Amino acid sequence: MGGVEDDGPPSKRVKVSSGESGGLSNGVSLRERGSCSMSDSMARVLASQGDDEVVGSSGVIKKVEFVRIIAEALYSLGYSKSGANLEEESGIPLRSPEVDLFMHQILEGQWDESVSMLHEIGLIDETIIKLASFVILEQKFFELLDGGKFMDALKTLRSEITPLCINDERVRELSSFIVAPHKIYLMELVALVLQKDACRFHNSAVGKMSLLTDHQCGRDHIPSQTLQILQEHSDEVWFLQFSHNGKYLASSSGDCLVIIWEVTVDGRVSLKHRLSGHRKPVSYISWSPEDDQLLTCGVDETIRRWDIASGECHHIYQKTGLGLVSCAWAPNGKSIFSGTTDKSISMWNLEGNELECWRGQRTTRIADLGITMDGKELITVCKETTIMLFGWETKFEKFIEEDQPIISFALSEDKKFLLVSLLNEELHLWNIDGSTRLIAKYKGHKRSCFVVRPCFGGLEQSFIVSGSEDYLHNADIANMEAMTRMDVYIYLPLLYNHAWTYTCSLYQFMLCNKTLRILDKVKWMDGKVVMFGGSVYIWHRLSGELILTLAGHSGAVNCVSWNPTNPHMLASASDDRTIRIWGLNQVNMNINGRHSNGVHHCNGGA
C-alpha cells in the first residue's frame, strides 16, 4: 500500500549480471566491481541539474548540460587534462561534491555510508535509489563472505538486500553462496533459532544452547512480580515511558503533574523531579534522542520542554487560539513536531519558532504522534479508522486503513513496526518498512471507554504488552442495596455517561465501622453500574499467544512501558493513582534457575 512497484526490469546502468559469482573466484576485487559503473550512472542522473543558461540559436540546450557532456566525453576518451581544464575554465564541475563523496565512499568500500548518501545526492526516483542500493549492498555481501563473516553476510542478505524487492532471482542466487559451503553450519544455526522462537518465555540472553536438548525458558523469565508501588501522583496516572537508555521513567497524570523517576544501579526506582506548570492533565510524553530533555503535552493546551538534569522548563510551545494535542522529537533532536486541535501538524525549532505547518486532515484529537527512523515520515491518526504516514519533505502520503476506530498506537524501537490498539479490543501489528502490511493480531485484553496504550518489550522486543479495563463489580441499578453486602464503604464520586462527561450524581452506601474505599472509575452500562479494575496482558509477539496476565491494580491500566535496556523491568500506570514496577519472581528464579539453560538479568542491570 503506497509502496514503490518493483516489477519492472532493472536499469542497465545498475544492472547486476546473474552469470557472475562476484569476486569469489574470478580474481576481480569487490571494490573494483562496485565502482565500475556507478560514477557514470550518477553523473548522468545529475546531468540535468544546474542553472537555466542556454547555448545555441534554438535556445533549448542548457549550457551546464552541454559542458558536462563534453567534459564527460573528454574523460572517457582519456583526455583527462583537457576535461579538467574545461571544468576549471567553465566553472562547471562534472559532478557535484555529494557525488564525489559518494564515489569516494564506493572506492573505499564504505558500503553503509554510500547507501545513505544515495538519499542526499538529489535522486528523486525511489526505484533508482533501490536499484543502486541493491548493487552496493551486493558488494558488501561479497566482501563479508570473502572475510569469513558468514553471519553478517546472511544478515545483510535478509535485512538489507531482500526488503528492497529487487531481482528475486538474483537474491536466491546470492543465498546459494552461503548455503553451499556452509550448509551444515547453517542448518544447525536455523535449528537453534527455531528453538528460541518456539520458546514462549524467552527473555534472557542465551548462554549455551544445544541441539541435543530442547531449549525452554520458564515464565519466571518474564517480569511478573510487583517490586515497587509508586504513589506520588494524586490523580489517575495516564501515561508513562522509560527513556531510551533505561535510566529514567517519566509519568504524567490527571493531577497536571509530570514526575521524573530515576532507575538506580540496584534496580530500584526513586523520585528525581516533580515537573509542575501545566494547567491541564498531561496526556503525552516524548523523550529526546539523547534522553537529556523531555516534551510534555497537556490536554488541548501547550507543550513544555524540560531539562532532565535540572528539572527546569526550557520552553513553552503554544499557538494562539489553539491547543496542542501531541508531540514528537525529530531524530536529530534539533526540532519537534506537534499535532493541533485544528487537525494540522506543525514543526518547531527548539527556540519555539514554527518552521512549517501542514493543514488539512492531518491529525485527530488522539495524542499519538510518531516519526520514522530517518525522520522523513510522520505517523499520525488522520481519521477515526485511518493512520497516515506523511512524508513532510516530499508531501507523499500513504495510509493504513482499519475496520475499527483507532484508540492509540506505538512504534517499535527500530521504527519498522506499528502496534495499533482498536475499539474492538484487538491489537494489530503492521510492518511499515516500505509497503505497509498487517502481520499479526492480539486479543484478550478488555477496553471499554478509556484510552489504553500498548507497547513492545522484552529481549529483542519479543513481546507485546497492554493495559486493560477489567470489570470488578456489576450491580443492578434497581437494587443498589445489594451492593452494601460488600465489606467496605462504596463511594461513587464519578458516573460517566455515554458522552464521556461527568454527571453530578452521587451514591453512597455504608456498612457500619468499615473503612472508606474510593473506586475511581465507574461507568453506566446497559442499566448497570460497572466498576473497573485493571490488569497487564503480555503476548508472545511471534506466535500471538497470550502468555501472562498480571493482576494487582485496582483501577484501569492506562499505559505500560518496558525498560528498553533491562528486559526484566516493566512499569504500568493506572487509574488507581499508582505506578507498579514489575520484575522477576526471585523466589522462583532461585528454585528453578538451575534448570534453565538461559542466562537471566537481575532487575536494574545485567
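As shown above, the structure is provided for reference.
In this report, we go over the structure that sits alongside the text. Quick caveat: nothing in here was measured; it's all calculated off a predicted structure.

## Considerations on the overall build of the chain
Phase 1 of the analysis: When helices and strands are tallied, the chain shows 11 helices and 34 strands.
Phase 2 of the analysis: Across the 606 residues of the chain, 48% fall into the buried class.
Phase 3 of the analysis: Put simply, 51% of the contacts in the chain that link residues at least 6 apart link residues at least 24 apart.
Phase 4 of the analysis: For the chain, the exposed surface amounts to about 29,100 Å²; the carbon and sulfur share of it is 51%.

## Side note on the environment of S326
Phase 1 of the analysis: With respect to the helices and strands, the residue S326 is situated in strand β12 (residues 324–329).
Phase 2 of the analysis: You can call S326 buried: its relative accessible area is 0%.
Phase 3 of the analysis: The spatial distance from the C-alpha of S326 to the C-alpha of S286 is 9.2 Å, given a sequence separation of 40 residues.
Phase 4 of the analysis: When residues no more than four places from it in sequence are discounted, the contact partners of S326 are C297, I303, F337, S338, G339, A367, D368 and L369.
Phase 5 of the analysis: Here G339 takes part through its backbone nitrogen, which lies 3.0 Å from a polar atom of the side chain of S326.

## A closer look at the sheet that holds strand β3 (residues 225–230)
Phase 1 of the analysis: The strand order across the open sheet formed by 4 strands is β3-β34-β33-β32, and the pairing between neighbours is antiparallel. Every other strand in the sheet has two partners, leaving β3 and β32 (557–562) as the edge strands with one partner each. Taking the axes of each pair of neighbouring strands and ignoring which way they run, one obtains an average angle of 25° across the sheet.
Phase 2 of the analysis: Direction of pairing for β3 relative to strand β34 (residues 579–583): antiparallel, over a ladder of 5 bridges. Paired with Q228 across the strands is I581, a residue of β34.

## Structural notes on the side chain of E469
Phase 1 of the analysis: Position of E469 among the secondary structure elements: in the loop between β25 (463–466) and β26 (470–476).
Phase 2 of the analysis: Although E469 is buried, it forms no salt bridge, and the closest oppositely charged side chain is R447 at an N-O distance of 4.3 Å.
Phase 3 of the analysis: One polar contact links the side chain of E469 to the main-chain amide nitrogen of F450, over a distance of 2.9 Å.

## As for the pattern of salt bridges
Side-chain pairs of opposite charge can arise where the charged atoms are in close proximity.
Phase 1 of the analysis: Within the structure shown, the criterion is met by 12 salt bridges.
Phase 2 of the analysis: The salt bridge partner of R359 is D342, with a shortest N-O separation of 3.6 Å. Placement of the pair is R359 in the loop between β15 (354–358) and β16 (369–371) and D342 in the loop between β13 (335–340) and β14 (345–349), with a sequence separation of 17 residues.
Phase 3 of the analysis: Overall, R359 belongs to the exposed group, its relative accessible area being 56%.
Phase 4 of the analysis: Judged by its relative accessible area of 31%, D342 falls in the partly exposed class.
Phase 5 of the analysis: Residues E426 and K443 are paired through a salt bridge, measuring 3.3 Å at the closest nitrogen-oxygen approach. Note that E426 is positioned in strand β22 (residues 426–431) and K443 in strand β23 (residues 437–443), a separation of 17 residues in sequence.
Phase 6 of the analysis: What makes E426 buried here is its relative accessible area of 12%.
Phase 7 of the analysis: When salt bridges with common partners are traced through the structure, they connect D112, K140 and E160 into a single cluster.

## Some points on unusual backbone geometry
Phase 1 of the analysis: One non-glycine residue, K343, lies in positive phi territory at about 75°.
Phase 2 of the analysis: Assignment of secondary structure puts K343 in the loop between β13 and β14.
Phase 3 of the analysis: By relative accessible area, which is 37% here, K343 ends up partly exposed.
Phase 4 of the analysis: A positive phi angle is found at E425, which is not glycine, with a value near 65°.
Phase 5 of the analysis: Position of E425 relative to the elements: it lies in the loop between β21 (417–422) and β22.

Each value, and the rule that gives it
Residues numbered from 1 in each chain as written. Predicted model: local features only at pLDDT ≥ 70, side-chain atom pairs only at ≥ 80, totals over all residues. Heavy atoms only, no water. Helix = DSSP H or I, 4+ residues; strand = E, 2+ residues; numbered from the N terminus. Buried < 20%, exposed > 50% of the residue type's maximum accessible area, 1.4 Å probe, protein only. Contact = heavy atoms within 4.5 Å. Areas by Shrake-Rupley, 256 points an atom, 1.4 Å probe, with all protein chains shown as cover. Polar contact = N/O pair within 3.5 Å; in protein donor to acceptor, adjacent residues only side chain to side chain. Pairing = 2+ DSSP bridges. Axes fitted to C-alpha atoms, helices over the stretch in contact; angles between N-to-C directions. Lys, Arg positive; Asp, Glu negative; His and termini not counted. Salt bridge = Lys/Arg side-chain N within 4 Å of Asp/Glu carboxyl O.

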